[in-house]
Amino acid sequence: MKPIETKFVKVNQVADETELLKAPAKALVEGGTVVFPTETVYGIGANALDEVAIDKIYEAKNRPSDNPLIVHIAKLSQLEILVESIPEMAKALMRAFWPGPITFVLKKKSVIPDKVTGGLDTVAVRMPENAIALKLIELAGVPVAAPSANTSGKPSPTKAAHVIEDLAGRVDYIIEGSDAVVGLESTVLDVTGDIPVILRPGKITREMIVEVAGNCEIDPGIVMGTEGKSASVVPKSPGMKYKHYAPKADVEVVIGTSSKLIPVFESYVEAAINGGYKVAVMSFDEDLLVLEKILKGKYTVSDLSAHVFLCSQGSIRNLDEFARLLFGGLRKSDDRECQKIVVRGVEEDGLGLAIMNRLNKASAGKVTRI
Ligand code: TXA
Ligand code: MG
């Protein structure tokens, strides 16, 4: 594509940034593209009712246009413009979780261009919690279609620096806010039927949805992923079929207890040193502390710095931190030119389902339990 002169707007998450957000909001109304922070990941936004503007998103991201986009709103009154009806169950879920990291799939109205929904008769809608995102959408006064602001195929951006790396020169504005607090894309929930169905797991977990709706199913295509064990299951959320969240390095995921995993990590390091390449080990602080001690007793400092990158996923007691640091860790491992990444996997319940869904994709299904 022809390079665009991107304007950068630095915002402070706690201050009232209305003045700074007026120009990017105007750009949205006029058919431009604006990258903005949300609590999940950064998004690349355009007016959801403007087909020409939507094309610019696909072009900037290099994304196939059959993959539908999430439409972001700032207040409930905007929802009525977009959807046919809102089932009672969906209303209760919205009251419980909006604004926040959950997207609802509802029957769409015809005002929404097919380009936004990939030709489906439904639309995915989210009211984000991030104050900058909300203010921007409110100032624009239009619903904002916004996929994650990464080049298609790469891990979603959780920091302004990630977005600048991928999209500077390809969008009109980049709003540089703080790091994403959730770090994984929103839960996508189909609420068109009697029972809500999770199409993409996220921070709002199945357990949390059951508390409100009494019931919740999980699309079979997302448990152990599309490229993984259930390759024959066609995912309902079209985006789930693409290679995603993938760094350049080869990713392998290992699930087990710390005492079993640490010797496995050691063998990955040994293979890297013998094979003359670099490996990233992504695990909890507690594991990395023990591993580092063992490695320092076995190898020279120069061997370790040339062949090993220990990447912290936070404390074993805090899965939120694992989620928040995951995409950044994958990108950091690429920056440090690791050819291989071995990641500690987690159990597939609660937030663990979302983490394993992303890891399964990043590793193209290379998940083993020891
Ligand atoms: O957290 C998020 O949701 C971020 C931020 C920017 O809000 N956005 C995001 O958008 O992750 P994107 O485009 O990268 O992912 C949208 C997902 C895809 O998996 C897509 O297939 C699914 O939502 N989706 C969109 N519309 C749908 C629909 N009508 N039916 C089923 N799935 C849909
Ligand atoms: Mg995405």
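Right above here is the structure, for reference.
As the structure is a prediction and not an experimental result, all values here were calculated from the model.

K.L.:
Could you clarify how one ought to interpret the overall build of the protein chain in this entry?
P.N.:
Across its full length, the protein chain carries 14 helices and 16 strands. For the C-alpha atoms alone, the extent of the protein chain along its principal axes is close to 65 × 50 × 35 Å. Counting across all 370 residues of the protein chain, residues that qualify as buried make up 57%. Considering only residue pairs separated by 6 or more positions, the protein chain has 71% of its internal contacts joining residues 24 or more positions apart. A total of about 15100 Å² of accessible surface is found on the protein chain, and carbon and sulfur atoms cover 53% of it. Within the protein chain, the 48 negative side-chain charges are centred at a point lying 2 Å from the centre of the 44 positive side-chain charges.

K.L.:
Even after reading the chapter, I still don't get the side chain of Thr 38, so can you show me in this structure?
P.N.:
In this fold, Thr 38 is placed in the loop between strand S2 (34–36) and strand S3 (43–47). A relative accessible area of 3% means that Thr 38 is categorised as buried. At 2.8 Å, the side chain of Thr 38 and the side chain of Thr 40 are in polar contact. The contacts of Thr 38, once residues within four sequence positions are left out, are Gly 43, Arg 126, Pro 128, Asn 130, Ala 133 and Ala 180.

K.L.:
Mind showing me how you'd approach the pairing of strand S15 (residues 340–344) here?
P.N.:
The two faces of the sheet receive side chains in turn, since in a regular strand these alternate between them. In terms of residue burial, S15 counts as a mostly covered element, since five of its five residues are buried. The side-chain alternation of S15 yields two buried faces, one formed by Lys 340, Val 342 and Arg 344 and the other by Ile 341 and Val 343. Of the strand pairs in this sheet, strand S12 (residues 250–255) and S15 are connected by five bridges, and their pairing is parallel. Bridge assignment links Val 254 to a residue of S15, and that residue is Arg 344. Where strand S13 (residues 279–283) and S15 come together, four bridges link them in parallel fashion. Bridging across to S15, Ala 280 finds its partner in Ile 341.

K.L.:
Looking at this structure, how should I read the pattern of salt bridges?
P.N.:
A side chain with one charge can pair with a side chain of the opposite charge if their charged atoms come near. Evaluated as defined, the whole model comprises 23 salt bridges. As a salt-bridge pair, Lys 154 and Asp 166 come within 2.9 Å of each other at their nearest N and O atoms. With Lys 154 in the loop between strand S7 (144–145) and helix H7 (160–167) and Asp 166 in helix H7, the pair connects residues that are twelve residues apart, well separated along the chain. Taking the relative accessible area as the measure of exposure, Lys 154 reaches 27% and is therefore partly exposed. Since its relative accessible area comes to 7%, Asp 166 is described here as buried.

K.L.:
Would you mind showing me how to read the packing of aromatic side chains here?
P.N.:
Aromatic ring pairs are reported here in terms of the distance separating the ring centres and the angle at which the planes meet. Per the stated rule, a full pass over the model turns up two aromatic pairs. Taken together, a centroid distance of 5.2 Å and an interplanar angle of 75 degrees make the contact between Trp 98 and Phe 104 edge-to-face. Exposure class is identical for Trp 98 and Phe 104. Each is buried. Plain terms: the ring middles of Phe 284 and Phe 322 are 5.4 Å apart, the flat faces sit at 65 degrees to each other, and that makes the pair edge-to-face. With Phe 284 in the loop between S13 and helix H11 (285–298) and Phe 322 in helix H13 (residues 319–335), the pair connects residues that are 38 residues apart, well separated along the chain. When its relative accessible area of 3% is taken as the criterion, Phe 284 is described as buried. Against the face of Tyr 173 rests Lys 7, its NZ or CZ located 5.2 Å from the ring centre.

K.L.:
Please clarify how the sheet that holds strand S8 (residues 173–176) should be interpreted in this entry.
P.N.:
What holds strands together in a sheet is hydrogen bonding between their backbones, with the strands either parallel or antiparallel. The strand order across the open sheet built from eleven strands is S1-S8-S2-S3-S7-S4-S6-S5-S9-S10-S11, with neighbouring strands paired in mixed fashion. Two strands lie at the open edges of the sheet, namely strand S1 (7–10) and strand S11 (217–218), each paired on one side alone. Two elements, strand S4 (residues 70–72) and strand S6 (residues 122–126), share three bridges in a ladder whose sense is parallel. Looking across to S6, one finds that His 72 is bridged to Arg 126. Relative to S2, helix H6 (residues 131–140) is tilted by about 150 degrees, and along the sheet it contacts S2, S4, S7 and S8.

K.L.:
What should I look at first to understand the sheet that holds strand S16 (residues 367–369) in this one?
P.N.:
Read from one edge of the open sheet, five strands run S14-S13-S15-S12-S16, paired in parallel fashion. The sheet terminates laterally at strand S14 (308–312) and S16, the two strands that pair on one side only. Shown here is a sheet whose adjacent strand axes are inclined to one another by a mean of 20 degrees, direction ignored. Most of the contacts of H11 go to S14, to which it runs at about 155 degrees, and overall it touches S13, S14 and S15. Along the sheet, H13 makes contact with S13, S14 and S15, crossing S13 at roughly 175 degrees.

K.L.:
How should I be thinking about the side chain of Lys 61 in this particular structure?
P.N.:
With respect to the secondary-structure elements, Lys 61 resides in helix H2 (residues 51–61). Of the polar contacts made by the side chain of Lys 61, one reaches the backbone oxygen of Ser 148; its length is 2.6 Å.

Parameters and conventions
- Residues numbered from 1 in each chain as written.
- Chains lettered and ligands numbered in written order.
- Predicted model: local features only at pLDDT ≥ 70, side-chain atom pairs only at ≥ 80, totals over all residues.
- Heavy atoms only, no water.
- Helix = DSSP H or I, 4+ residues; strand = E, 2+ residues; numbered from the N terminus.
- Buried < 20%, exposed > 50% of the residue type's maximum accessible area, 1.4 Å probe, protein only.
- Contact = heavy atoms within 4.5 Å.
- Areas by Shrake-Rupley, 256 points an atom, 1.4 Å probe, with all protein chains shown as cover.
- Lys, Arg positive; Asp, Glu negative; His and termini not counted.
- Charge placed at Lys NZ, Arg CZ, Asp CG, Glu CD.
- Polar contact = N/O pair within 3.5 Å; in protein donor to acceptor, adjacent residues only side chain to side chain.
- Pairing = 2+ DSSP bridges.
- Salt bridge = Lys/Arg side-chain N within 4 Å of Asp/Glu carboxyl O.
- Phe/Tyr/Trp six-rings, centres within 6.5 Å; stacked < 30°, edge-to-face > 60°.
- Lys NZ or Arg CZ within 6 Å of the ring centre and 35° of its normal.
- Axes fitted to C-alpha atoms, helices over the stretch in contact; angles between N-to-C directions.

Everything listed here is a matter of coordinates, which is why it stays silent on function.
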